[in-house]
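# Survey of secondary and tertiary structure
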Amino acid sequence: MKIWVSIGAVLLSFPTFAQDTDLAGCPKDPLQYEAEKIIGIKSSASNLEEAIDAVSRHFLGRPFDGSGPLGEGTEVEGGDGIDEDPRYNLQGFDCVTLVESVIALSNASSFASFKTLSDQVRYAPGSKICYASRNHFAEADWIPNNVAAGFLKDITQDVGGASVSTVETETRKKEWLLAKTLKDIKLVRRHEETDDQLEKRKLLAFEKLRESAKAVEDKMTVLPYVPLEALFEKYKTSQDENPFAADLAKDMDTVQKKYDKYLAEATNGAAHPAIKDERKRAIEGVERKYRIKLMQPSIDVLTRIPSGTVVSIIRKDWPPNDKKTGKEPTTRILVSHQAVLIRGNDGKLVIRQASFNKKVEDKDFIDYLVSTYADSPTMVGVHFAQILARTADQDLHE
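Summary of the structure given here. Numbering of residues starts from 1 in each chain and follows the order in which that chain's sequence is written. With the structure being a predicted model, the display of local features is reserved for residues of pLDDT at least 70 and the display and counting of side-chain atom pairs for 80 or more, all residues being used for whole-chain, interface and lining totals. Side-chain measures here rest on the full set of heavy atoms in the structure, leaving out hydrogens and waters.

## Describing unusual backbone geometry
Across the junction of Trp 318 and Pro 319, the peptide omega takes the value -5 degrees, indicating a cis bond. Only runs of H or I of at least four residues qualify as helices and only runs of E of at least two qualify as strands under DSSP, and these elements are numbered from the N terminus. Here Pro 319 lies in the loop between β6 (309-318) and β7 (333-343). Even without being a glycine, Glu 192 presents a positive backbone phi close to 65 degrees. For Glu 192, the position within the fold is in the loop between α8 (173-178) and α9 (195-213). The phi angle at Asn 357 is positive, at roughly 60 degrees, despite the residue not being glycine. Within the fold, Asn 357 resides in the loop between β8 (349-354) and β9 (360-364).

Here's what the structure looks like:
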């Protein structure tokens, strides 16, 4: 087990940290400058929880990056020539890359170790850095691989106790990879490369992607979660006294009209059963939302969650079938969102997240669950994984 030792005195004694030039006086790469700046900021932390708070706090206000997941970089940078988007980015995030960057930087002692740790978090242990080995699916790849690599400890059972349930899905990763098209190949134009040369390289990359899919196996994925209702307890008032009755009726009417419209627009009658099933879950979600509004957070459960915990929002039957055609998605996923929980000085938990199409921000965890997800027909609960301390001295990749 790694013992967390504050390295503040060591880091602060080196003037090169957070400097914009290297020892030779040359300008530093912006990524290196930013990473070293953050490592310096968190160097005074006395434990990992404080380091996670300091690192993630630094990112507050950074924009949501909706351009898609990070890539493997160019082949010169060690990529496999399929997705040459940058391998590292600290200026903007989606929900997953924020969590990955926080895990890596909270444990890093240098720019080099930040890059090594980032790679170890993003790719399967023991694998080469390539598109196929990337942790694409949170439930099938990211969570189990990072537990195995020692970055995370699954504490869902510790948090939820007897209330913990499980949800499963078939992760059709092979089918998902084979469904990729040329549009999914992301290459960086080389110096003096012509359009024809770029297109040829793109076709070769596409064939490489399809070849890599042959070695991938589909599998059943099972994930434990704490049901939403288990995070709440006794009613604030008598169940017969519902101050939200008018709002409940209004929302129920909105749901009914919404799904009536979907049914009318469906071009394929085969889509109707799926739409009706989703409407049923939507109605149940609205009822659950207002039931939870009448309840109090379960202090007993919430106090079991340590600061620096990764939360994964768990859904069932998601994404849903196409509402017009009834067609199923290539594969369903269990995790729709990830973030880090931070416990403030007042003892309350905030969810620090890259909010979709917005920015990195803090929200009260319970308010977030009620306002954002309690009315979602597919949301069933939350998975909890504590971030652990580890070093980059063990290279998990070939």
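## Here we look at the pairing of β7
Residue burial is assigned from relative accessible area. The probe radius is 1.4 Å, only protein chains are included, and a residue is buried under 20% of its type maximum, exposed over 50%, and partly exposed in between. Counting buried positions along β7 gives eight out of 11 residues, so the element sits mostly inside the fold. Here the rule is simple: two strands pair whenever DSSP picks up at least two bridges between them. Examined bridge by bridge, β6 and β7 share seven bridges and lie antiparallel to one another. Bridged to Val 311 within β7 is Ala 339. Between the end of β7 and the start of β8, which pair antiparallel, lie five residues, with Gly 347 showing a positive phi angle near 90 degrees.

## Re helix α10 (residues 245-265)
An expected span of 1.5 Å times one less than the residue number is assigned to each helix. Along its 21 residues, α10 runs 31 Å from first to last C-alpha, staying within 8% of the 30 Å computed at 1.5 Å per residue. Listed as buried for α10 are Val 255, Tyr 259 and Leu 263. The buried residues of α10 occupy one face: seen down the axis, they fall within an arc of 75 degrees. Exposed positions of α10 whose direction lies more than 90 degrees from the buried face are Ala 246, Lys 250, Lys 257, Lys 261 and Ala 264. At its buried positions, α10 is contacted by α11 (272-293). It is the directions from the helix axis to the C-beta atoms whose arc is reported. Here a residue-residue contact requires only that any non-hydrogen atoms of the pair lie within 4.5 Å.

## Quick notes on the packing of aromatic side chains
Pairing of aromatic rings covers Phe, Tyr and Trp, the last through its six-membered ring, and needs centres within 6.5 Å; plane angles under 30 degrees mean stacked, over 60 mean edge-to-face, and all others mean tilted. For the structure shown, the criterion picks out seven aromatic pairs. Judged by centre distance (4.7 Å) and plane angle (55 degrees), the rings of Phe 59 and Phe 93 are tilted. Of the two residues, Phe 59 is situated in the loop between α3 (48-58) and α4 (95-107) and Phe 93 in the loop between α3 and α4; the sequence distance between them amounts to 34 residues. For the ring pair Phe 64 and Phe 356, a centre distance of 5.3 Å and an interplane angle of 70 degrees mean the geometry is edge-to-face. Here Phe 64 is found in the loop between α3 and α4, whereas its partner Phe 356 is found in the loop between β8 and β9, with 292 residues between them in sequence. Under the relative-accessibility criterion, Phe 64 is labelled buried at 17%.

## Here we look at the nonpolar core
Considering soluble globular proteins, one finds that nonpolar side chains tend to be buried as a cluster. In these notes, a set of buried Ala, Val, Leu, Ile, Met, Phe, Trp, Tyr and Cys residues joined through side-chain atoms within 4.5 Å is what counts as a nonpolar core. Phe 59, Leu 90, Ile 103, Leu 105, Phe 114, Trp 142 and Leu 152 are the most contacted members of the largest nonpolar core, which has 43 residues in total. Among the elements that make up this core, the one with the highest residue count is α4 (six residues). With sequence-adjacent residues up to four places away left out, Ile 103 is seen in contact with Val 121, Trp 142, Phe 151, Leu 152 and Ile 387. Judged by nonpolar contacts, the second largest core, of 27 residues, contains Val 226, Ile 292, Met 295 and Leu 302.

## Some thoughts on helix α5 (residues 111-122)
Taking 1.5 Å of rise per residue, 12 residues should cover 16 Å, and α5 covers 17 Å from first to last C-alpha, within 8% of that figure. Every buried residue belonging to α5 is among Phe 111, Ser 113, Phe 114, Leu 117, Ser 118, Asp 119, Gln 120, Val 121 and Arg 122, and all of these are buried. Here the buried face of α5 lies against α2 (30-41), α4 and α6 (138-148).

## Considerations on the side chain of Ser 118
Of note, Ser 118 is situated in helix α5. Among the residues examined, Ser 118 registers a relative accessible area of 7% and is labelled buried. For the purposes of these results, a polar contact is taken to be a pair of N or O atoms within 3.5 Å, where, inside protein, one atom must be able to donate a hydrogen and its partner to accept one; residues adjacent in sequence count only when each atom of the pair is a side-chain atom. Side-chain polar atoms of Ser 118 contact the backbone oxygen of Phe 114, separated by 2.8 Å. Setting aside chain neighbours within four positions, we find Ser 118 in contact with Tyr 88 and Ala 104.

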